[in-house]
Every structure is written in C-alpha cells, then in structure tokens.
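Descriptive structure summary
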Amino acid sequence: MSNEYREAGPRRVGQVKEVTSLANPIIKDIKALTQKKSREETGTFMAEGLKLVIDALELGWTIRTLVYAKTAKSKPLVEQMAAKTVASGGLVLEVNEKVLVSITRRDNPQMVVGIFDQRWKPLKDIRPASGETWVALDRVRDPGNLGTIIRTCDAAGASGVILVGDATDPFSLETVRATMGSVFAVPVAKATQEEFLAWKKTAGVSVVATHLAGAVDYRTIDYKKKPVVLLMGNEQSGLPDALANQADALARIPQAGRADSLNLAVATAVMLFEARRHVLTLSETR
C-alpha cells in the first residue's frame with residue numbers, strides 16, 4: 001500500500017483531491033480492497049452508494065476516504081458527506097467516471113464510494129439479553145448468502161451474526177453489496193468451532209440448529225424462554241456432528257415438492273422470522 005493512502009490521517013480542512021488517472025497510487029490502493037489480503041492488511045473495506053455512506057456515518061463508522069464523481073459534486077448531500085469526511089480526518093477524492101468504473105468494477109457505477117474501517121464484535125462481549133436472537137453460520141461460503149443473511153437479520157431485528165470456522169469475508173465488495181447497507185447496522189463476530197462451543201456454555205442462550213437428522217418441526221420449538229442463537233450449516237455439507245450434538249434443539253423446515261433443500265439465506269430467513277414471531281408486529285407508522 002502506498003504511504004499516501006496508509007497514512008490518511010488528519011488532513012487540511014477543505015482539501016479535495018481531484019484524480020483522473022487510473023495509475024494514481026491512491027486509486028490503485030482502493031482498487032486493491034477487492035482483494036481480501038488488502039482488506040486485512042489495512043483493516044478497511046469499500047461500500048458503494050450515497051445512502052450507504054450516509055447510513056454509515058450516522059451510525060458512527062469511521063470513514064477513511066470518500067470518492068465521488070465529478071458530476072455529483074454539486075449535490076448538497078454529497079457536499080455534506082465530503083465535509084464530514086474531511087472533519088473526521090479522512091481524504092476526499094473527486095474522480096471521473098472512468099476511475100469510478102475501475103474502482104467498482106461496474107459499467108454503471110454508483111456516484112459515491114466510501115472506504116471505511118472494519119468493525120468486528122468480540123465474541124466475549126456478546127451476552128444476549130432476553131428477547132434477543134443471534135444467527136451463527138458454520139463455514140458460510142457464498143458472499144451473496146452472507147450479505148442477504150445480514151440484511152435479513154437487520155429486517156427481523158436480530159442482534160447480530162457469528163461466523164463460525166472458515167467463512168467468507170463480510171467486508172468483501174460482493175457481501176457488502178448484498179447487505180444493502182445493513183453491514184453497518186448488524187454486528188458481526190467470528191470464532192473457531194471450539195471458541196463458539198466454549199462461548200455457548202456461559203452465554204445463557206438456547207442454540208437451535210437446523211439439521212436433517214433427529215430434528216423437529218421448527219414451528220414447535222419454544223423461542224421465548226431464553227435468548228436464541230440460530231445455528232445454520234454450511235451450504236454444501238450442513239452442520240458437522242460436533243456442532244449439532246451441542247445444540248439445545250434440532251429443527252427442520254417441512255418441505256414438499258421435488259427440491260430437497262432450501263438456499264441457506266432463505267432457510268435462515270424462514271427460521272429467523274419464526275424465532276422472532278413473538279416480538280415482531282406490524283407498526284402503523286411504517
């Protein structure tokens with residue numbers, strides 16, 4: 001990573017850098033964030049769209065760099081985000097569409113891109129309270145699935161996601177896109193299988209796992225007596241016995257028809273809305 005990007009600390013208020021070259025080292029560093037290695041080295045990630053940037057800043061996330069298209073310069077909300085970025089010590093880049101296309105790998109890119117610090121919730125700090133629901137995902141592989149699940153957790157009022165084992169990166173461009181901004185609202189933790197099982201013993205939760213063997217109809221389980229962790233298996237292989245055997249209940253979603261399984265994100269959504277049925281109501285104001 002170039003020093004200019006790495007050391008994007010406090011800068012002169014009002015400074016906006018105009019960039020038109022794809023060879024600019026800052027642009028190269030931003031493009032590198034499509035690679036997991038670069039995201040891990042810098043602890044940052046990319047989010048596209050003005051709405052996402054606004055939501056992130058409202059939720060207190062740290063923005064390192066704001067990139068916007070020259071054509072969006074006069075929009076009041078873009079100007080506000082640029083001012084907030086500069087005030088927090090971040091860098092503001094004004095670029096042409098060619099640079100935006102290169103950064104986002106899209107032919108019709110969003111007009112605004114933000115580079116943010118990653119946030120991970122430490123597993124030891126998760127102490128679910130009554131009425132809370134968490135989702136634990138064993139070795140989730142597909143970025144679209146993970147992003148959709150994070151978005152669904154947000155919609156259902158779940159408290160967060162725990163990634164168990166070797167999982168896809170919640171801060172990849174594909175995952176962030178699929179969350180539709182919910183990545184900024186839903187805490188994400190990570191743990192090895194052993195760490196998760198050790199945490200379960202002292203967390204005071206009821207772990208409900210989806211499983212084909214020895215499982216009961218998911219609608220018959222009591223989701224009210226304790227905070228619930230919904231434990232969902234890997235897309236291909238499902239849950240390993242080591243996790244399934246430690247669950248407090250094994251659930252199954254009844255199915256008819258030729259399809260023998262549900263997509264992981266869909267199955268998680270079905271489980272989530274059942275587990276939270278007792279706390280979800282239709283509000284007249286929405």
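Residues numbered from 1 in each chain as written. Predicted model: local features only at pLDDT ≥ 70, side-chain atom pairs only at ≥ 80, totals over all residues. Heavy atoms only, no water.

**Here's the deal with the sheet that holds strand S5 (residues 112–117)**
The sheet built from five strands is open, its strands ordered S1-S4-S3-S5-S2 with mixed pairing. A single partner strand is all that each edge strand has here, and the edge strands are strand S1 (17–19) and strand S2 (44–48). Mean inter-strand twist for the sheet, computed between neighbouring axes without regard to direction, equals 20°. In terms of strand pairing, strand S3 (residues 63–69) meets S5 through five bridges, oriented antiparallel. Across the sheet, the residue bridging to Val 67 is Val 113, located in S5. (Pairing = 2+ DSSP bridges. Helix = DSSP H or I, 4+ residues; strand = E, 2+ residues; numbered from the N terminus. Axes fitted to C-alpha atoms, helices over the stretch in contact; angles between N-to-C directions.)

**Things to note about the packing of helix H7 (residues 143–156) against helix H11 (residues 264–275)**
The interhelical angle for the contact between H7 and H11, taken along N-to-C directions, is 15°, at an axis separation of 9 Å. By the angle between their directions, the pair H7 and H11 is classed as roughly parallel. The interaxial crossing formed by H7 with H11 has right-handed handedness. Two secondary-structure elements touch here, H7 through Asn 145, Thr 148, Ile 149, Thr 152, Cys 153, Ala 155 and Ala 156 and H11 through Leu 264, Ala 265, Thr 268, Ala 269, Leu 272 and Phe 273. Looking at the contact of H7 with H11, its residues break down into nine nonpolar, four polar and no charged. (Parallel < 35°, antiparallel > 145°, perpendicular 65-115°, else oblique. Left-handed = near helix turned anticlockwise from the far one by under 90°. Contact = heavy atoms within 4.5 Å. Nonpolar A, V, L, I, M, F, W, Y, C, P; charged D, E, K, R; others polar.)

**Comments concerning the nonpolar core**
By size, the foremost hydrophobic cluster in this structure holds 30 residues, and its most contacted members are Leu 137, Cys 153, Leu 163, Val 208, Tyr 223, Leu 230 and Met 271. Listing elements by their share of this core, those giving two or more residues are strand S6 (133–138), H7, strand S7 (160–164), strand S11 (228–232), strand S12 (249–252) and H11. Sort the elements by how many residues they give to this core and H11 lands first, with six residues. Those residues in contact with Val 208, other than ones at most four positions away along the chain, are Ile 221, Tyr 223, Val 228, Val 229, Leu 230, Leu 231, Ala 249, Ala 251 and Met 271. (Core = buried A, V, L, I, M, F, W, Y, C linked by side-chain atoms within 4.5 Å. Buried < 20%, exposed > 50% of the residue type's maximum accessible area, 1.4 Å probe, protein only.)

**Concerning the confidence of the model for the chain**
The pLDDT averaged across the chain works out to 91; a share of 94% of its residues lies at or above 70. Confidence drops under a pLDDT of 50 for residues 1–14, and excluding neighbours within four residues, the segment shows 25 contacts in the predicted structure. (pLDDT = per-residue confidence, 0-100.)

**Thoughts on the pairing of strand S9 (residues 206–210)**
The side chains of a regular strand alternate, residue by residue, between the two faces of the sheet. In terms of burial, S9 is largely enclosed, as five of its five residues are buried. What you see with S9 is no split at all: Ser 206, Val 208 and Thr 210 on one side and Val 207 and Ala 209 on the other are buried throughout. Strand direction decides the pairing type here: S9 and S12, joined by three bridges, are parallel. Within S12, the position partnered with Thr 210 by the bridge is Ala 251.

**Topic: the packing of aromatic side chains**
As enumerated under the stated definition, the model contains eight aromatic pairs in all. Summarising the aromatic geometry, the rings of Phe 45 and Phe 116 are spaced 6.1 Å apart at their centres and angled 40° between planes, so their arrangement reads as tilted. Taken as a pair, Phe 45 in strand S2 and Phe 116 in strand S5 lie far apart in primary sequence, 71 residues in all. Owing to a relative accessible area of 0%, Phe 45 belongs among the buried residues under this scheme. With a relative accessible area of 0%, Phe 116 lands in the buried category. Centre to centre, the rings of Phe 45 and Phe 171 are 4.7 Å apart; their planes meet at 40°, and the pair counts as tilted. In this pair, Phe 45 sits in strand S2 while Phe 171 sits in the loop between S7 and helix H8 (173–179), placing the two residues 126 residues apart along the sequence. Counting every residue linked through ring pairs, the aromatic cluster contains Phe 45, Trp 61, Phe 116, Trp 120, Phe 171 and Phe 184. (Phe/Tyr/Trp six-rings, centres within 6.5 Å; stacked < 30°, edge-to-face > 60°.)

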